[in-house]
Amino acid sequence: MALDDTPGFDTLAIHAGSAPDPTTGARATPIYQTTSFVFDDVDHAAALFGLQAFGNIYTRITNPTQAVLEEKVAALEGGTAALATSSGHAAQLLAFHTMMDAGDEFVAVRQLYGGSINQFNHSFKSFDWKVNWADADDMDSIEKAITAKTKAIFCESIANPGGVVTDLEGISKIARRAGVPLIVDNTLATPYLCRPIEHGADLVIHSLTKFIGGHGNSMGGMIVDAGTFNWSREGRYPKLSEPCESYNGMRLHETFGNIAFAIACRVLGLRDLGMCISPFNAFLILTGAETLSLRMQRHCDNAKKVAEWLSTHKNVSWISYAGLPGDRHHTLQQKYCPNGAGAVFTFGLKGGYDAGVKLVSNVNVLSHLANLGDTRSLIVHPSSTTHKQLSEQQQISAGAGPDVVRLSIGIEDPKDIIADLEQAMKAG
Ligand SMILES: *Cc1c(COP(=O)(O)O)cnc(C)c1O
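Everything numeric here is computed off the predicted structure, so don't read it as measured data.

J.: Talk me through the overall build of the chain; I want residue IDs and the actual numbers.
T.: In terms of helices and strands, the chain carries 17 helices and 14 strands. For the chain, the C-alpha radius of gyration of 22 Å lies close to 22 Å, the compact-globule estimate for 428 residues. In terms of overall dimensions, the chain has C-alpha extents of about 70 × 55 × 35 Å along its principal axes. The 428 residues of the chain split such that 57% are buried. Counting 34 positive and 44 negative side-chain charges, the chain places the centres of these two groups 6 Å from one another.

This is the structure in C-alpha cells:
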C-alpha cells in the first residue's frame, strides 16, 4: 500500500512506516536486535559515515525497528521526520542540546510535568542553560520572559498534572515574533487528540512511555521535526547553520533542509550523548501505537464519566478537567482537542494532605504509582510523591498543592473505577 497524505489517522497508525519486511516478508515489524550492520564495501561505509548516504551503521544512531516507530509518529503528528530516544526526558535533553549553547536561555510555561520542572531548573544548569518561567494562561508573561538570549519556547498541549489546555496558536505567534521555535510536549494529548504542528509548533516532543506505548511496559521518547523553522536565522543555531567539524565542514541546515533538526539530533546528539531506544522497546511501543485512537477515545470517555462523578462528590472541593462544561479551559479544549480532554486530571480533597494520603492508600482497582497513560487507572498524590522536591509555592503554581490528587483514567469499565474511588474515600 502506497502511503501519501490522504490516509486517515487510523490507517496511518497501523501502516505508516510498517511495510512488510523486505527480506523475510514478516508482516509485523521485526525486532532488529543487533548492535551493528555490515557495510556493502569500503565506499558504502565512507558514504554512511560522511552522511552522503542514509543507512544503518550502529544501533546507537539508527536501527530499522526504531526507524519504523519514527516514521509512524512523524506521520501521525504531520512532521517531516522524527527521532526516537530512550525516554521522554532524553528527547527533551537532546532537542535542547541541538539548539542551545552555554549561556543560552529558553522560556517554559510553569504548567509542566514535575520531572520537566526539575530537569529545567536543576540539571540544565550544568550545561549553563537558563530557563525563564512564564504562565500558560497569561500571554504577556510569555512575551516578557523572552530575552536576547532566548532560543526556544516550551509548553505542553494538555498540561500535566492539571488537565490544562494551552493556547498553542497564541504562544506560536509570540514565538514567530521572537524568531524562536515553539516546542510542544504532546505526551498527554497524543496526536489523536491534538496535532500541535497544525497550530504552529516547530518541534513536538513525546514521552512514548505514556499513551502512545500505552501499556505501562516500556520507556521511550520522540522528537518530531515540523520542518518549519529557519535554523540558519542570524547564525543563532550554530550546530545547524555553521560548518560542522565532525562532518567535513558540512552545514546541516543547508544540506538537509526541512529535516535538518531531526538529522542534527541524530548525527550529533544521539551519536555523542547516546540515549538511543532499545529495539525491543521500539517494538512494544509500535504495537501500542497501532491501537492509539481506540484506547484514547475510551480513556477520554471514561475520564469524563469519572470527572462528572467527582464534580458532585461531597469530599471534593474542586476539579480541573477541561472536558467539563464550565471548566476554565473548556473553550480551549473544544478548539485544540475536540475529540476529548485526555485522561489525566486533578481534583482537590476538602480534607487536604492527609485525605490525599488516605485515598491513595485505600484504592484497589486503581494503582498508586508515578506514571500515566497506562491501560490501568492510576492515582498519585503529587505533593507527597512526584512534586515532593518542589517548594510548596512551586507545587501550587504547578497545580500540585497539598490537597491535589492526580488521576490517569484507564480503559477498565468506568463503573468499577468509580466504585473503587467511592470505597477508598469512605475507608477510615
Ligand atoms: C512522563 C513525561 C515526561 C518524561 O518522559 P519519560 O519517558 O518519563 O522520561 C515528559 N513530559 C510529560 C508530559 C510526561 O508525562
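Right, picking up where we left off after that structure.
J.: Go over the sheet that holds strand β12 (residues 367–368) with me, naming the residues and quoting the values.
T.: Judged by pairing direction, the sheet is mixed, and its five strands sit side by side in the order β10-β11-β14-β13-β12 without closing on themselves. The open sheet is flanked by β10 (316–320) and β12, the only strands paired with a single partner. With four bridges connecting them, β10 and strand β11 (residues 344–349) associate as antiparallel partners. Each bridged residue has a counterpart across the sheet, and for V316 the counterpart in β11 is L349. The strands touched by helix α13 (residues 292–311) are β10, β11 and β14 (404–408); relative to β11, the strand with the most contacts, the crossing angle is about 15°.

J.: Tell me about helix α4 (residues 88–99), residues and numbers included.
T.: An ideal rise of 1.5 Å per residue puts 16 Å on twelve residues; α4 measures up with 17 Å between its terminal C-alpha atoms. With ten of its twelve residues buried, α4 lies for the most part within the structure. Here α4 has its buried residues at G88, A90, A91, Q92, L93, L94, A95, F96, T98 and M99. Two to three positions downstream of the cap, the backbone nitrogen of H89 sits 3.4 Å from a side-chain oxygen, assigning the N-cap of α4 to S87.

Rules used in this analysis
Residues numbered from 1 in each chain as written. Predicted model: local features only at pLDDT ≥ 70, side-chain atom pairs only at ≥ 80, totals over all residues. Heavy atoms only, no water. Helix = DSSP H or I, 4+ residues; strand = E, 2+ residues; numbered from the N terminus. Rg over C-alpha atoms; globule rule 2.2 N^0.38 Å. Buried < 20%, exposed > 50% of the residue type's maximum accessible area, 1.4 Å probe, protein only. Lys, Arg positive; Asp, Glu negative; His and termini not counted. Charge placed at Lys NZ, Arg CZ, Asp CG, Glu CD. Pairing = 2+ DSSP bridges. Contact = heavy atoms within 4.5 Å. Axes fitted to C-alpha atoms, helices over the stretch in contact; angles between N-to-C directions. Expected span 1.5 Å × (residues − 1). Polar contact = N/O pair within 3.5 Å; in protein donor to acceptor, adjacent residues only side chain to side chain.

Note that all results are geometric; they support no functional claim without further evidence.
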